[in-house]
Amino acid sequence: MTDLLPDTTGETALAVFLLLLVAVGAIPVVAGLAQFLVIPLHAVRNHYRETGPYLPNVAVVIPAWNEAAVLTTSIERLMGLDYPPDRLRVYVVDDASTDDTPAVLARCAERFPGRVVHLRREKGGEGKAHTLNHGLRHILAEDWMEALLIMDADVIYEPASLRKMTRHLADPTVGAVTAYIREGSGDPQGITRFIGFDYLAAQAASRRAQNVAGAMACLAGGAQLHSRENLEAIGGQIDTSSLAEDTVTTFRTQLAGRRVVFEPHARVLAEEPAGIDALWKQRLRWARGNVQITSMYKHLWFRRSVHPGLGGFFFGIFWFAILLLPVAMLLTSIGLIGLYLLDSRLASDVFGAAVFVPIATFVFMITLTISVDPRTGLRVWREALLFPGAISFVVLLAAAFPGVVPLSGTAETFWTLFVYSWLVLCIPLAYGVRKLEGTRWGRPLAPLALYLVGFGPMMCAITVDAYVKEFRGAAMTWDKTEKTGRVTV
Amino acid sequence: MSTTHGLVGAGQPFRVSPPIVVTDDLLARCGGLPPVWADPLALADETEADRVRERRLYVGLAAAIAVVVALWVVRSMLLG
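The numbers attached to residues start from 1 for each chain and follow its sequence in the written order. A letter from A marks each chain and a number from 1 marks each ligand, given out in the order of writing. Since the coordinates come from a predicted model, pLDDT governs what is reported: local features require at least 70, and pairs of side-chain atoms require 80 or more to be given and counted, while whole-chain, interface and lining totals use all residues. Calculated side-chain values reflect all of the structure's heavy atoms, with hydrogen atoms and water omitted.

## Description of the packing of aromatic side chains
Residue and element names in this part refer to chain A.
- Geometry of aromatic contacts follows a simple scheme: Phe, Tyr and Trp rings, the Trp one being its six-membered ring, pair when their centres are within 6.5 Å, and the pair is stacked under 30 degrees between planes, edge-to-face over 60, tilted otherwise. Counted by the stated rule, this structure contains 21 aromatic pairs over all chains.
- Considering the side-chain rings of phenylalanine 302 and phenylalanine 320, the 6.0 Å spacing of their centres and the 20 degrees angle between planes classify their relative orientation as stacked. Remark: phenylalanine 320 occurs in helix H10 (residues 313–323) and phenylalanine 302 occurs in the loop between helix H9 (276–296) and H10; sequence separation between them is 18 residues.
- On the accessibility criterion, phenylalanine 302 (39% relative accessible area) is partly exposed.
- Chaining the aromatic ring pairs together yields one cluster made of Phe251, Tyr297, Trp301, Phe302, Phe313, Phe315, Phe318, Trp319 and Phe320. Note on conventions: DSSP H or I runs of at least 4 residues are helices, E runs of at least 2 residues are strands, and numbering of each starts at the N terminus. Each residue's exposure class comes from its accessible area (1.4 Å probe, protein chains only) as a fraction of the maximum for that residue type: buried when under 20%, exposed when over 50%, partly exposed otherwise.

Next up, the structure:
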């Protein structure tokens, strides 16, 4: 491709503008690298020296709607926790279940008298936050509870996990503690292996960085422990106005002047969606919630005067790098294609000079992520490499080692334009993978398509879907993930 | 961790819970061995072990840097 525009000031201005677009794409990469460079600091900058042997009365609240398949196991595991039995009670808030949940709970209450409480809502279907609030009203009305653990019906706690969380509450400046949630399928396949790596990166790795930075983005919905003082300070209720009630609780806790701590050695196993459509609905709810949070807390971003952690530059960049990642990818793609049409050599030079940075960042991030939990990491290392998709992996390899496959003429032009546009093309293709799973003939091909297109692009596609649904004011439905009891310890 | 400036509870004494009384019944339910949570020193040891375990992050950092450097070297060699 030769230069298409005459060499003018306008051309220079256009080239600078396109270079700026390409540079926008570097922001999420740099933000990701900065976040991962901070993680090792958790070895020295953590909360362990401020803990104490604190074993409060813990009320565990489990919102449940048609969870008969998983409740017995979860309650048995809770009863078997390495924690003083007389200081642990389980409150299951039954959201008007229509399956065997009431019968299962009756049997559990009989087996563990005084330690399992069944709270039933006669009118259900309003979502998790409403269900939790029903339980909170009941629990806060009594003086017994000193700390409250919010969990999901399908999660399973390792025996020492609760006391590893409560030790942080000895420090009166800590309002809430969250644990490390892992994908818990005994034999993860396809999408659950991707989720396994995703949780490793987003929880075990990323939350350590948030500990260091002193600002937590979100308490895990299935493992959040609050002090009674904190719950009362934030109003004693969970937010019902958004789809991200966990994040709102996390922000409120910190804005009310208390710390939120991630405890990486308190491990919790959770059942995650095994199908693309189920995963899409779950993550769409999370992504829409994050879009709503961005608007709800617009007074907070990049304002340290509001909160030194949440309003800090580091946290703001981290938040928006994820939220605006699809936009950054689109702008980078436009920038590269524009530069190619303007001056193919300049585009090639820019791409060649810059491409090693995202490749090195990617390799650095997955190596560090696997190292934080090698047992899980070594099970999902293939999905780590293929997180951006097999096609992106080949594109990255070809970009890292240009000339290994010699191309010339039209083939080179097509290949170059494909590479520059793949950044954004993968997003609609990820949407196509979801649609493929919905067809009878395509269902068997969907896992293969997911590996080709990638889990990362699928998350970007879900974020785009969240923008669209929020812009259109789509109904905020609570699509419950079907639980089958696949989690094994 | 984050700055303590403006934190609710800063300067207040740490929260404590009543000591655990290990009764014969409790001991029997725990298989004859006193549970970790009944011994504050054992709990402190557990926390110290977790704190020290975090030093493994340095190994992860070293591994990550080594992999990136190796990739750079291979790339440089292949590209001449």
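On we go.
## Brief notes about the pairing of strand S2 (residues 88–94) of chain A
All names here are of chain A.
- Most of S2 is tucked away, with 6 of its 7 residues classed as buried.
- A crossover gets the label right-handed when its path from the first strand over the helix to the second runs clockwise, viewed with the strands pointing away from the viewer. Each parallel crossover has a hand, and the one from strand S1 (residues 58–64) via helix H2 (residues 68–79) to S2 is right-handed.
- Regarding the hand of the β-α-β motif, the stretch spanning S2, helix H3 (residues 101–111) and strand S3 (residues 116–120) is right-handed.

## Considering the sheet that holds strand S5 (residues 156–157) of chain A
Residues and elements named next belong to chain A.
- If DSSP finds at least two bridges between two strands, the strands pair. One open sheet holds the 8 strands; their spatial order is S3-S2-S1-S4-S7-S6-S8-S5, and the pairing between them is mixed. The sheet is open, and its two borders are formed by S3 and S5, each paired with just one other strand.
- Looking at chain direction, S5 and strand S8 (residues 259–270) are connected through 2 bridges and run antiparallel. Among the inter-strand pairings, isoleucine 156 is bridged to a residue of S8, identified as leucine 269.

## Remarks on unusual backbone geometry
- The backbone phi angle of asparagine 66 of chain A is positive, close to 55 degrees, even though this residue is not glycine.
- When you line up the elements, asparagine 66 of chain A lands in the loop between S1 and H2.

## Considering the confidence of the model for chain A
- Across chain A, the average pLDDT comes to 91, with 95% of residues at or above 70.
- Least confident of the elements in chain A is helix H12 (residues 344–354) of chain A, whose mean pLDDT is 83; most confident is helix H5 (residues 161–169) of chain A, at 98. The quantity known as pLDDT measures the predictor's confidence residue by residue, on a range of 0 to 100.

## Points about the packing of helix H6 (residues 191–213) of chain A against H9 of chain A
Residue and element names in this part refer to chain A.
- Between the N-to-C directions of two axes lies an angle of 0 to 180 degrees, each axis being a line fitted to C-alpha atoms and, for a helix, fitted only over the stretch in contact. Running from N to C, H6 and H9 point in directions that differ by 30 degrees, and their axes come no closer than 11 Å. With respect to H9, the element H6 is oriented roughly parallel. The two elements H6 and H9 cross, and the hand of that crossing is left-handed. Contacts from Ile191, Ile195, Asp198 and Tyr199 of H6 reach H9 at Ile276, Leu279, Arg283 and Trp286.
- Three categories are distinguished: nonpolar for Ala, Val, Leu, Ile, Met, Phe, Trp, Tyr, Cys and Pro, charged for Asp, Glu, Lys and Arg, and polar for the others, with Gly belonging to the last. In terms of residue class, the contact of H6 with H9 is built from 6 nonpolar, no polar and 2 charged. Just so you know how the angles are binned, under 35 degrees is roughly parallel, over 145 roughly antiparallel, 65 to 115 roughly perpendicular, and the rest oblique. Left-handed describes a crossing whose near helix is turned anticlockwise from the far helix by less than a right angle; the clockwise case is right-handed. Whether two residues are in contact is decided by their heavy atoms: any pair within 4.5 Å suffices.

## Some words on the interface of chain A and chain B
- Contacts between the two partners involve 59 residues from chain A, matched on the other side by 46 residues from chain B.
- Carbon and sulfur atoms supply 65% of the area buried between chain A and chain B, which totals about 4,700 Å² over both sides.
- By definition here, a salt bridge exists when the distance from a side-chain nitrogen of Lys or Arg to a carboxyl oxygen of Asp or Glu is within 4 Å. At the boundary of chain A with chain B, the tally comes to 5 salt bridges.
- Among the salt bridges present, the one from aspartate 50 of chain B reaches lysine 164 of chain A, with a minimum N-O distance of 3.2 Å.
- Looking at the side of chain A that touches chain B, the elements that each hand over two or more residues are H5, H6, S8, helix H13 (356–372) and helix H16 (390–400) of chain A.
- When residues of the side of chain A that touches chain B are assigned to their parent elements, the largest contribution, 9 residues, is made by H13 of chain A.
- Of the residues assigned to the side of chain A that touches chain B, the class counts are 33 nonpolar, 13 polar and 13 charged. Throughout, buried area stands for the accessible area (probe radius 1.4 Å) lost by two parts on being put together, summed over both.

## Focus: the pattern of salt bridges
- The final tally for this structure, using the stated rule, is 29 salt bridges over all chains.
- When the shortest N-O distance is used, the salt bridge between aspartate 198 of chain A and arginine 283 of chain A registers 2.7 Å. Here aspartate 198 of chain A, found in helix H6, pairs with arginine 283 of chain A, found in helix H9; they are 85 residues apart in sequence, far enough to count as distant. Per residue, the accessibility class of aspartate 198 of chain A equals that of arginine 283 of chain A, and both read buried.
- Aspartate 239 of chain A is the partner of arginine 252 of chain A in a salt bridge, and the nearest nitrogen-oxygen pair spans 3.8 Å. Here aspartate 239 of chain A lies in the loop between helix H7 (228–233) and helix H8 (245–255) and arginine 252 of chain A lies in helix H8, a separation of 13 residues in the sequence.
- Relative accessible area serves as the criterion here: at 7%, aspartate 239 of chain A is assigned to the buried category.
- Each of Lys164, Arg167 and Glu263 of chain A together with Asp50 and Arg53 of chain B takes part in one network of salt bridges that share partners.

## Quick look at the nonpolar core
Residue and element names in this part refer to chain A.
- By size, the foremost hydrophobic cluster in this structure holds 141 residues, and its most contacted members are Tyr157 and Met458.
- The element that contributes the greatest number of residues to this core is H6, accounting for 11 residues.
- Beyond its immediate chain neighbours, meaning those up to four positions away, tyrosine 157 contacts Arg77, Leu78, Leu81, Leu149, Ile150, Met151, Met165, Gly222, Ala223, Arg267 and Val268.
- Only buried residues count toward a nonpolar core. Its members are Ala, Val, Leu, Ile, Met, Phe, Trp, Tyr and Cys residues joined through side-chain atoms within 4.5 Å. Residues Val93, Ile139, Leu140 and Met145 belong to the second largest nonpolar core, which totals 16 residues.

## Remarks on H3 of chain A
Residues and elements named next belong to chain A.
- Residues of H3 that are buried include every one of Thr101, Val104, Leu105 and Cys108, and no others. Down the axis of H3, the sector holding all buried residues measures 95 degrees, keeping them to one side. Of the exposed residues in H3, the ones pointing more than 90 degrees away from its buried face are Arg107 and Glu110.
- On the buried face of H3, the contacting elements are H2, S2 and S3. This arc is taken over the directions from the axis of the helix to the C-beta atoms.

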